[in-house]
Amino acid sequence: MIPLSQLKFGENACIESTEIDKIPLKLIEMGCLPGNFVTIIQKAPFDDPLYLKVDETHLAIRKETAKFIFVKLIK
Amino acid sequence: MSKSLNIALLGNPNTGKTSLFNSLTGLSQKVGNYPGVTVEKKEGVCKLDRTTEGYFIDLPGTYSINSSSIDESIVVELLLNKNNKDYPDLALVIADVENLKRNLLLFTQVKDLGIPTILVINMADQMKRKGISLDIPILEQTLETKIALVSTRENTGLDELKKLILDYGIISNKPLIQINSIDKKYFENLENAFPRQSIYKLWLIITQDANFGAIQRTLISDISKFQTKSKSEIKRLQQKETIKRYQFINGVLKKCFQIDKASATDFRSKLDRVLIHKFWGYLIFFSILMIIFQSIFSWSEVPMDFIDNCFNYLSSVASNNLPSGVFTDLLSEGIIPGLGGIVIFIPQIAFLFLFLSILEETGYMSRVVFLMDRGLRRFGLSGKSIIPLISGTACAIPAIMSTRNIESWKERLITILVTPFTTCSARLPVYAILIAVVIPDGYFLGFSYKGLMLMFLYLIGFLMALGIAWILTKTLSIHSKSYFVIELPNYKIPLIKNVALTVWEKTKSFVEGAGKIILAISILLWILASYGPGENFNQAENIIQKKYPELAEKEIELKTNSFKLQNSYVGVLGRSIEPIITPLGYDWKIGIAIITSFAAREVFVGTLATIYSVQNDDNDTIKNKMASEIRKDGKLLFNLASGTSLMIFYAFAMQCMSTLAVVKKETNSWKWPLGQLFFMTILAYFISFLTYQILS
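If you're wondering where the values come from, they're calculated on a predicted model, not measured in any experiment. (Residues numbered from 1 in each chain as written. Chains lettered and ligands numbered in written order. Predicted model: local features only at pLDDT ≥ 70, side-chain atom pairs only at ≥ 80, totals over all residues. Heavy atoms only, no water.)

To continue, consider the overall build of chain B. From N to C terminus, chain B includes 31 helices and 12 strands. When its C-alpha atoms are laid out on the principal axes, chain B stretches across 100 × 65 × 55 Å. Taking as baseline every contact in chain B between residues at least 6 positions apart, the subset at least 24 positions apart corresponds to 73%. Split by element, the accessible area of chain B, about 31500 Å² in all, is 60% carbon and sulfur. Chain B carries 73 positive and 60 negative side-chain charges, and their two centres are separated by 8 Å. (Helix = DSSP H or I, 4+ residues; strand = E, 2+ residues; numbered from the N terminus. Contact = heavy atoms within 4.5 Å. Areas by Shrake-Rupley, 256 points an atom, 1.4 Å probe, with all protein chains shown as cover. Lys, Arg positive; Asp, Glu negative; His and termini not counted. Charge placed at Lys NZ, Arg CZ, Asp CG, Glu CD.)

Let's shift gears to the interface of chain B and chain A. Contacts between chain B and chain A engage 39 residues on the former and 34 residues on the latter. A combined buried area of about 3400 Å² lies between chain B and chain A, and 57% of that area is made up of carbon and sulfur atoms. Its largest share of buried area at the contact with chain A, chain B owes to Lys235(B), Phe370(B) and Val485(B), together 18% of the area lost on that side. For the pair chain B and chain A, the number of links is 5 salt bridges. (Buried area = accessible area lost by both parts, 1.4 Å probe. Salt bridge = Lys/Arg side-chain N within 4 Å of Asp/Glu carboxyl O.)

All names here are of chain B. Core analysis: the biggest nonpolar cluster contains 120 residues, and Phe-510 and Phe-638 have the highest contact counts within it. When residues of this core are assigned to their parent elements, the largest contribution, 10 residues, is made by helix α11 (residues 280-321). Apart from residues no more than four positions distant in its own chain, Phe-638 is found in contact with Leu-434, Val-437, Val-438, Ile-590, Leu-608, Tyr-612, Met-626 and Leu-646. By size, the runner-up hydrophobic cluster in this structure holds 82 residues, among which are Val-93, Ile-136, Leu-143 and Leu-176. (Core = buried A, V, L, I, M, F, W, Y, C linked by side-chain atoms within 4.5 Å. Buried < 20%, exposed > 50% of the residue type's maximum accessible area, 1.4 Å probe, protein only.)

Two cysteines joined by a covalent bond between their sulfur atoms form a disulfide. Residues and elements named next belong to chain B. Taken as a whole, this structure holds 0 disulfides over all chains when the rule is applied. For the unlinked cysteine Cys-310, the closest cysteine sulfur is that of Cys-395, found at 20 Å. Taking relative accessible area as the criterion, Cys-310 reaches 29% and is therefore assigned partly exposed. (Disulfide = S-S within 2.5 Å.)

All names here are of chain B. All told, the structure shown has 14 aromatic pairs over all chains when counted by the stated rule. Each ring, one from Trp-299 and one from Phe-355, has its centre 6.0 Å from the other, and the planes form 40°; the classification is tilted. One end of the pair, Trp-299, is in helix α11; the other, Phe-355, is in helix α13 (residues 346-362), with 56 residues separating them in the sequence. Residue class for Trp-299 comes out partly exposed when judged on its relative accessible area of 46%. Judged by relative accessible area, which is 17%, Phe-355 ranks as buried. (Phe/Tyr/Trp six-rings, centres within 6.5 Å; stacked < 30°, edge-to-face > 60°.)

Below, the discussion takes up the sheet that holds strand β8 (residues 147-149) of chain B. All names here are of chain B. If you walk across this open sheet you meet the 7 strands as β2-β3-β4-β1-β5-β6-β8, and the pairing is mixed. Of all strands in the sheet, those with a lone pairing partner are β2 (30-33) and β8, marking the two edges. On average, each strand axis in the sheet is tilted by 25° relative to the strand beside it, whichever way the strands run. The strands touched by helix α5 (residues 158-166) within the sheet are β1 (3-11), β3 (40-47), β4 (52-58), β5 (90-96), β6 (117-122) and β8, with β6 carrying the most contacts at an inclination of about 170°. (Pairing = 2+ DSSP bridges. Axes fitted to C-alpha atoms, helices over the stretch in contact; angles between N-to-C directions.)

Residues and elements named next belong to chain B. Among the 6 residues in β6, 6 count as buried, and that is most of the element. On β6, burial covers both faces: Thr-117, Leu-119 and Ile-121 on one face and Ile-118, Val-120 and Asn-122 on the other are all buried. Across 6 bridges, β5 lies against β6 in parallel orientation. Residue pairing for β6: Asp-96 is matched across the bridge by Asn-122. Traced from β5 through helix α3 (residues 100-112) to β6, the parallel crossover comes out right-handed. Relative to β8, β6 is paired through 3 bridges, and the arrangement is parallel. If you follow Val-120 over to β8, its bridge partner there is Ala-148. (Right-handed = clockwise from strand over helix to strand, strands pointing away.)

What follows covers the side chain of Thr596(B). Tracing the chain through its elements places Thr596(B) in helix α26 (residues 588-596). Separated by 2.7 Å, the side chains of Thr596(B) and Thr607(B) make a polar contact. (Polar contact = N/O pair within 3.5 Å; in protein donor to acceptor, adjacent residues only side chain to side chain.)

In this section: the confidence of the model for chain B. Residue and element names in this part refer to chain B. Confidence in the prediction for chain B averages 86 pLDDT; 94% of positions are at 70 or higher. For chain B, the element scoring lowest by mean pLDDT is helix α8 (residues 214-223), at 53; helix α31 (residues 671-695) scores highest, at 96. Scored as a whole, the predicted complex attains pTM 0.82, and scored at its interfaces, ipTM 0.94. (pLDDT = per-residue confidence, 0-100.)

A few words now on the sheet that holds strand β6 (residues 69-73) of chain A. Taken in spatial order, the 7 strands make up an open sheet running β1(A)-β6(A)-β2(A)-β3(A)-β4(A)-β5(A)-β12(B), and their pairing is antiparallel. At either margin of the open sheet sits one strand with a lone partner, and together these are β1 (2-3) of chain A together with β12 (485-487) of chain B. The sheet contact formed by β1(A) and β6(A) spans 2 bridges and is antiparallel. Residue pairing across strands places Ile2(A) opposite Val71(A), the latter belonging to β6(A). Each of β3 (37-43), β4 (50-54) and β5 (57-61) of chain A together with β12 of chain B is contacted by helix α14 (residues 364-377) of chain B, which is oriented at about 145° to β12(B), the strand it contacts most.

All names here are of chain B. Considering all chains together, one arrives at 19 salt bridges over all chains under this definition. Arg-268 serves as the salt-bridge partner of Asp-272, at 3.9 Å between the closest nitrogen and oxygen. In this pair, Asp-272 and Arg-268 are both assigned in helix α10 (residues 267-275), 4 residues apart and thus about one turn of the helix distant. The class of Asp-272 is buried, set by a relative accessible area of 3%.

Before going further, it helps to spend a moment on the pairing of β3(B). All names here are of chain B. Relative to β3, β2 runs antiparallel, the two being bridged by 4 bridges. Within β3, the residue paired with Asn-33 across the bridge is Glu-40. The sheet contact formed by β3 and β4 spans 6 bridges and is antiparallel. Counted as the bridge partner of Lys-47 is Glu-53 from β4. Count of turn residues in the β3/β4 antiparallel hairpin: 4 residues.

The subject of this paragraph is unusual backbone geometry. The omega angle of the peptide bond from Asp48(A) to Pro49(A) is -5°, so this bond is cis rather than trans. Within the fold, Pro49(A) resides in the loop between β3 and β4. Positive phi values are uncommon outside glycine, yet Glu144(B) reaches one of about 50°. Examined against the element boundaries, Glu144(B) turns out to sit in the loop between α4 (136-143) and β8. A relative accessible area of 31% means that Glu144(B) is categorised as partly exposed. Not every positive phi belongs to a glycine, and Asn155(B) is a case in point at roughly 60°.

With that settled, consider the domain arrangement of chain B. Entries for chain B in the domain assignment read domain 1 (3-262) and domain 2 (516-695). The distance between the C-alpha centroids of domain 1 of chain B and domain 2 of chain B comes to 57 Å. (Domains from an automatic or database assignment.)

Time to look at α5(B). All names here are of chain B. Here α5 has its buried residues at Leu-158, Leu-161, Lys-162, Leu-164 and Ile-165. Buried positions in α5, seen along its axis, are confined to an arc of 160° and lie on one side of it. Among the exposed residues of α5, those oriented more than 90 degrees off its buried face are Asp-159 and Lys-163. (Arc of directions from axis to C-beta.)

Glancing now at helix α20 (residues 496-530) of chain B. The end-to-end C-alpha separation of α20(B) is 47 Å, in line with the 51 Å expected for 35 residues at 1.5 Å each. In α20(B), a bend of some 45° at Gly515(B) exceeds every other bend along the element. (Expected span 1.5 Å × (residues − 1). Bend = angle between axes of the 7 residues up to and from the residue.)

Dropping the structure here:
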């Protein structure tokens, strides 16, 4: 299990858990829930912010938020 | 007898909610503000049948009714407060067929409030192309609602939607999710305490930090006794609620929604690969900016000159044809030029919003935020602040208006407060003439001193904007969401109707909102410059004629105008501030020009022309006059030290009443524009003082 912020460009992963107090409710509502798939589509320079596809939603979050979402790599 | 229905439009951002609103209401829409906040309130009327009118209110786009910004709390406040005059008879939740799952989250929440809710599925025309098939009857049955399939792009499905709205009485208003199942005991307590209330509404009142109407407010204070759960526990329950809703939605969609991934096109990811590329993305963005601002400069020039000529012509018609007197002077020299001063901004505003709304409509703007977020974040600005900061180099008026799409109020306010530091085009005439007079000829590494000075002025404007933004971020204590989550929507071809309505509405709101203030101040300035106390002002013509009996009539007129201005109220003011501005290297004549150029910075040049009694449009003569002007102590008035100090003053001072009027309109209070005026003037004074003292 690794934080989403360490996921590399193009890798697929599945959300295992989130640190609920550190991430906004909005992110949960947009599909950042355990069991959903997540892919990194693009990283801005200095790897911040991150452009993700979570479930069916394309969104961008900052690295500081991605640290609190934990994922498992899918081979 | 005619009836009317209140209909609330809700939906996630980028679902075409506003397009639907535009299709239904067209030019009947009114854009105002919600009381006390700076969130846009959009309302419009649409005839549903011969006897029924629908009053549509386009609520801010939101992903759920759990609010995380002022915009979103507007939504929950309206839906919870039955006493609100806009409380909806029914709600339309607009969903995009591609993101149906996420869009249905909001739908279930709205429906659970007991408001009859119709689901409007937009972009229905895209279903086939995207390989989506949807069983509408099953979806209607499981969601206990009616569904309208529309396409705002093709303008289809609107008549069916109107029929469904008229029949809204048949829609069940039973909740879809039993909220008490997420924590039985907690909700039992709640129900016992408030037996007659809907527990979902109570739950929302507990979880939202929004302001509610009078009735609910008392309820909240009562409820605090029952709020035995900590913030973190509440958030966990909200997560549980969200999971529960998604479980329900997944179950529903399994029965009636299918997507054939193979037929989905990959246009989006191909375009993203280039547009947000670490190198090409920035290159493309700055090229687009260059094109936009170049066109704002060059395209606006023609209509602006035309407007200028028209109002000059009107003034001369008025003064030549009306009987001479106070009223004619007021009309031809006060009101008409004042109106001209408002209308002159329209081309720039219209062009900027033409481009901005296209960028917004295509979905590119979210990519800009993605690209610029990190760079601007350290100064407390949003990725979107880059647009106002760069538009500010054309004119601060449209730039400040373009901050409206910055979600965080704090980031937006800071952007509004620092944008006037960027070097707008009205500063150019002032810089141009001062540089020509005081900066010596010569070259440094192949660049002329004059060119370098101009570049330096642009640079310090921009740096000051960033620096002040950084200070404000640290000092302004405004509660604002600190999280950054943005959706990157699909690319779309912009709808001409939406673009046209945005341009129309922005232009109209400028003329109506800021126009009044601009007109009032310009009339005031005209009065101050056209009247004066005592003999000197009233007998100006005789005095000049006696003093220079040998001069021709034209010369006499110029000298008279100069003498009149020097003895008008503005002149008196200019003299009275002389002791204050002497340490900056200025005399009272410059003082007069500083006061009059509060109308607009470029007036500085015109005022000096009048004072030095030269023809307004004869730049070389003004330059020569300025270059030979001698101070009381025998030195040149415009030397390197005083000239640079004056340029620095114009770089930092809030010398623009129109900007103040727009800031007043955008922040909905006089506090910010007056603070800005005060602070920027002090800052400009102080730095100009240092500049003069060091250079002289």
